[in-house]
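Here is how the chains run, residue by residue.
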Amino acid sequence: MKLTLLLVAAFSIGVHAAGKAQQVSLSVQNASIKETLMVLGKQIPYRFLYNEEQLKKAGKVTIAVSNKPLLEVLDQVLTQKQLGYKLHNHTITILANTKDQDSNPKIPQEVEVGGTVRDSVDVLPGVSVFVKGAPGKGATTNSNGQYRLRIPADAILVFRSIGYADQEVPVNGQSVIDITLHAIASRLDEVVVVGYGTQKKGDLTGSISSLSADDLTKGGAVNNVAQAIQGRASGVVVTQNSKAPGGSMSIRIRGSNSISSSNEPLYVIDGFPSNNGVNINPDDVESMEILKDASATAIYGSRGANGVVMITTKRGKAGEGSLLYSGYVGSQKAINPYHLLDGKAYMNLANDLYKEISGQEGIENGAYTQSQLNSDVNTDWVKEATQTALVQNHNLQFRGGSEKTKVLASAGYFDQDGILKTTDFKRISGRINLDQTINDYIKAGVTVFGQRENSNYQVYDGNILNSNVLYGVLTYDPTVPLYDAEGNFGRPPGGIGDNPVANLLARQNDVQKDKINGNMYLEIKPMEGLTARFNAGTELLHDQLGTYLSKNSYQGSIDNGVASRSDYNLTHNLLDMYVTYNKDIDKHHFDVMGGYSYEKFINDNKGIDVYGFSTDLYGYNNLGAAATISGVNSYKSENMLISFFGRINYSFDNKYLFTATVRRDGSSRFGADHKWGTFPSGSFAWKVINEPFMQHQQWLTDLKLRLGYGRTGNERIGNYASYGLMSNANYTYDGSTNSSGTYLNSSSPANSTLKWESTDQYNAGVDLAFLNDRVAVTMDAYYKKTNDLLVKLNLPYYTGYSSGQSNVGSVSNKGFEFAVSTKNLTGAFTWDTKLNFAVNHNKVLSLGGESDIFLTSAKPMGTVSEEAYAVIREGEPLGSLFGYQYIGVIQQGETYAAQPNSKAGDLSLRMLMAMVLLILPIVPLSAQLTRNLHTG
């Protein structure tokens, strides 16, 4: 039997006073029973249950009544068709005949019900209150959380509001029903860190990606936070510049903006801005927010153009102290080594290529003699230079305290050997975070962090003679033995240069980097809603580099050992203070912040190069033992940044959100005419989910639209780029004696108009969540244009200068970002998945009239000049790769002017400056998928 349950929303209801029967009106002509019941259903808070086949057999109905009791109308419609009905609760069941019909059915009495809805804090406006089974029969609480409606006395009331659990209450004739709703834990209530404050995720108007501690430490071995965020945030591309252990990392947020300035983001660690935040221990991090659009980053003004990475480290918690250890030990090896030519195949190929040289056609064994071809030397340089390497990471963390005193102390050790022999990276770090609540109005805290990094590094650029070890491993002659008959490192015929293993074993390249950061804060709350915060801190960096080239190496044997030492020091002092005030007035919420910041940077470095040692025993530790000092250098510089900043957050009825920020920066780095710059932003968000028309749907738990605009800058240039600089020189008056002196550097003329690069960015986004936050989606589209690019321009000779720094040119980035996260399983066993996708199109709009700027890479051979493999060109992405375009094969008797020395059979190529080539954009597209499984 097929039963159909007809559910109808009561859009219009005719009622009499309490105690009277339900009144209805009905006018149909030649209508089916089903159509007639649907017309009735729109007037009453009841549902019909019937057999559809029985209704079809009953035929048509014609009736016209006005304001008649419901039971009377049902009798007229059904009894003439030999149908009956029963009424139970809110269901009217249509029967096959009248025998089973209730003799005296009663329509439930109606009552007027009212009350107040609140949560654990205050009354709740905008709560939907309706009759279960008839969501159209209901009301919405007013600004005081009150409601009132007339419903059947035996109805069940449903109270529903976004972010709260539904509650169902039987009326049972009551006239007053007060309810307290309980909030559901939601991702929208998560607090995220923004510049100089925090906000709920649901109140954000800008584009921000948030990562938790679990996000950073799950899914593989990582030694810094840059590796930890790789693949976890849309629009964020992370690359490792050097493949060495502990190699430097680069982060690009929504593409590259600058040609000659830095494209790295600003890091803010526990409120302390730093350019060195990428290398901290990931296990110390509590959360990370990546500010991507200008409406979010403009609060950092002249340093916000490349995005901002906000890092919050773990703090102590009240309660019983906990001691936690985490760690791993593993190994690494090259899983897909190159398959290179063996010695004999290498020699045969070299002899064949020799015949291609003009004038050497037909010469046999021109490169390798027959006796060399008979040699059995076959050195696999990849095998000889690599190893299976150990990697280990250990972290110990204490966390505890009382309600007033909270402390966190941690220590970490990371050790990674490289798969190239003698290369490694070690880091030991420690942290103490202390928070003290002094009284109800004052809170203070301190953060002390220190770490030391040690590594034996190798150079991976330049030519072979300059120790490009990896290139040497891949290209070196396999006919050269690792060691010669006398036990010295093998060398090619002629004895010039070192083999790749000699470059690894005969060189010391030791780096030690120390970092100490101390930061303290004082927070005062003199009155409700008002908070003043003072921050002061210092960051100290000390890098030491020591190198030694032993006498066993080629160059070391010529100079009797070559050594160098260099020291680099940075002192960064910070003082900032800001005041925050928030206030609620009816449906209006205000959050106002204003502050001041002062930063000073002091750089100091020195170095010395020597050669001529009697022994290799000293290494680089006794430079006084050297016979000759080949170079000495020292340098000191300072720069300051002074800022005033402010932000206003305003929301109306938790539906319409507005944010405006402005920052005024003054930097000593820029010309006298442009010491100061202003960086404003504004953004708007509409919480569509909180509109009344969204309260009755259940599939969406979040829907928010965002729009934003902002201007940011990039001030990371040399400290004295706007000044005319002097350089050291040696000069002679008599042609035989040299004297030291200084001269005006021809490549650094004074420029009082030099200013920061500025980036204007527009952003539009939407946030969606489904199925009680089990699925969350974020989409953003953006366009940003960087103007006043800092470019070194060639100057006419009559100026007396060869080149100078100027503000010319522009670059654009536009793209789309998509991210989705799902909670596939929750409970004791959890499984979540995150997918993000981004596309960015970068384009050089102008170079200020300059021609192409060519970039250089490693020399392909140790004996030829560098060649350009990348170019900056108007109309193309920054750093585009290029190559020659194949045209065809030169035929017998054919000449090709672009390749005058070519002969028949050679390839003809389209030359670089004639008709260019193939241009490839750098990282235009990225997509990542992460999945986490957890039991507990």
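Scoring rules and cut-offs
- Residues numbered from 1 in each chain as written.
- Predicted model: local features only at pLDDT ≥ 70, side-chain atom pairs only at ≥ 80, totals over all residues.
- Heavy atoms only, no water.
- Helix = DSSP H or I, 4+ residues; strand = E, 2+ residues; numbered from the N terminus.
- Contact = heavy atoms within 4.5 Å.
- Areas by Shrake-Rupley, 256 points an atom, 1.4 Å probe, with all protein chains shown as cover.
- Polar contact = N/O pair within 3.5 Å; in protein donor to acceptor, adjacent residues only side chain to side chain.
- Pairing = 2+ DSSP bridges.
- Axes fitted to C-alpha atoms, helices over the stretch in contact; angles between N-to-C directions.
- Patch = residues over 30% accessible without salt bridge, like charges linked within 9 Å, V, L, I, M, F, W, Y side chains within 5 Å.
- Salt bridge = Lys/Arg side-chain N within 4 Å of Asp/Glu carboxyl O.
- Core = buried A, V, L, I, M, F, W, Y, C linked by side-chain atoms within 4.5 Å.
- Buried < 20%, exposed > 50% of the residue type's maximum accessible area, 1.4 Å probe, protein only.
- Expected span 1.5 Å × (residues − 1).
- Arc of directions from axis to C-beta.
- Phe/Tyr/Trp six-rings, centres within 6.5 Å; stacked < 30°, edge-to-face > 60°.

Caption draft 1: Up close: the overall build of the protein. When helices and strands are counted, the protein shows 12 helices and 49 strands. Intrachain contacts of the protein at a sequence separation of at least 6 include 65% that bridge at least 24 residues. Here the protein displays about 45800 Å² of accessible surface, and carbon together with sulfur accounts for 55% of that area.

Caption draft 2: Expanded view of the side chain of S274. Its location among the elements puts S274 in strand β20 (residues 272–274). A polar contact of 3.3 Å, which involves the side chain of S274, links it to the side chain of E539. Those residues in contact with S274 that sit more than four places away from it in its chain are L266, Y267 and E539.

Caption draft 3: Quick look at the sheet that holds strand β19 (residues 266–269). Judged by pairing direction, the sheet is mixed, and its 5 strands sit side by side in the order β16-β21-β22-β19-β20 without closing on themselves. Only two strands of the sheet have a single neighbouring strand rather than two, namely β16 (208–212) and β20. Each strand of the sheet is rotated relative to its neighbour by a mean of 20°, with strand direction disregarded.

Caption draft 4: Region of interest: a nonpolar patch on the surface. Nonpolar side chains collect at one region of the surface, where M527, Y581, I585, F590, V592 and I648 lie side by side and expose about 500 Å² of accessible area between them. Where the nonpolar patch is concerned, the elements lending two or more residues are β30 (562–585) and β31 (588–611). One can find M527 in strand β28 (residues 507–527).

Caption draft 5: Structural detail: the pattern of salt bridges. One pass over the structure, following the stated rule, counts 31 salt bridges. Across the pair R150 and E112 runs a salt bridge, and its minimum N-O distance is 3.8 Å. Remark: E112 occurs in strand β7 (residues 110–118) and R150 occurs in strand β10 (residues 146–152); sequence separation between them is 38 residues.

Caption draft 6: Representation of the nonpolar core within the structure. Core analysis: the biggest nonpolar cluster contains 27 residues, and F48, I92 and I94 have the highest contact counts within it. When contributions to this core are tallied by element, the ones reaching two or more residues are β2 (23–32), α1 (33–41), β3 (47–51), β4 (60–69), α3 (70–78), β5 (84–88) and β6 (91–95). It is α3 that provides the largest number of residues to this core, a total of 6 residues. Dropping the residues within four chain positions of it, I94 is found in contact with L37, F48, L49, Y50, L55, L78, L83, G84 and Y85. In this structure, V225, I229, M249 and V309 belong to the second largest nonpolar core, which totals 23 residues.

Caption draft 7: Spatial organisation of helix α7 (residues 343–354). Across its 12 residues, α7 extends 17 Å between first and last C-alpha, which sits within 8% of the 16 Å expected from 1.5 Å per residue. Among all positions in α7, only G343, M347, A350 and N351 are buried. End-on, the buried residues of α7 take up no more than an arc of 100°, which puts them together on one face. Next to the buried residues of α7 lie α8 (370–373).

Caption draft 8: Just the sheet that holds β7, in detail. Taken in spatial order, the 3 strands of this open sheet run β10-β7-β13, and their pairing is mixed. Two strands lie at the open edges of the sheet, namely β10 and β13 (179–180), each paired on one side alone. For β7 and β10, the ladder comprises 7 bridges, and the chain directions are antiparallel. Its bridge partner being in β10, G114 is matched across the sheet by R148.

Caption draft 9: Here's a closer look at unusual backbone geometry. Residues other than glycine seldom take positive phi values, yet Y196 does so here, at roughly 60°. Mapping Y196 onto the fold places it in the loop between β14 (191–194) and β15 (197–200). With a phi close to 55°, N365 is a non-glycine residue in the positive phi region. With respect to the helices and strands, N365 occurs in the loop between α7 and α8.

Caption draft 10: Broad picture of the environment of D166. Its location among the elements puts D166 in the loop between β11 (156–160) and β12 (167–170). Sequence spacing of D166 and A183 is 17 residues, and the spatial spacing of their C-alpha atoms is 9.7 Å. Setting aside residues up to four positions removed in sequence, D166 forms contacts with F159 and R160.

Caption draft 11: Structural context of the environment of S802. Secondary-structure assignment places S802 in the loop between β40 (790–794) and β41 (803–807). Remark: the alpha-carbon pair of S802 and S747, spanning 55 residues in sequence, is separated by 5.5 Å. Setting aside residues up to four positions removed in sequence, S802 forms contacts with S746, S747, L793, N794 and L795.

Caption draft 12: Structural context of the packing of aromatic side chains. As enumerated under the stated definition, the model contains 20 aromatic pairs in all. When the centroid spacing of 4.0 Å and the interplanar angle of 15° are considered together, the rings of Y196 and F645 count as stacked. With Y196 in the loop between β14 and β15 and F645 in strand β32 (residues 628–652), this residue pair connects regions lying 449 residues apart in the sequence. Of the two residues examined, Y196 and F645, each falls in the buried class. Ring centres 4.9 Å apart and planes at 40° place the aromatic pair Y709 and Y762 in the tilted group.

Caption draft 13: Inspection of the pairing of strand β26 (residues 424–437) at higher detail. When strand β25 (residues 405–417) meets β26, the two strands line up antiparallel, connected through 13 bridges. Following the sheet pairing, A409 is matched in β26 by I432. Connecting β25 to the next strand, β26, in antiparallel fashion are 6 residues, including T422 with a positive phi near 75°. The turn joining β26 and strand β27 (residues 442–456), which pair antiparallel and follow one another in sequence, is formed by 4 residues.

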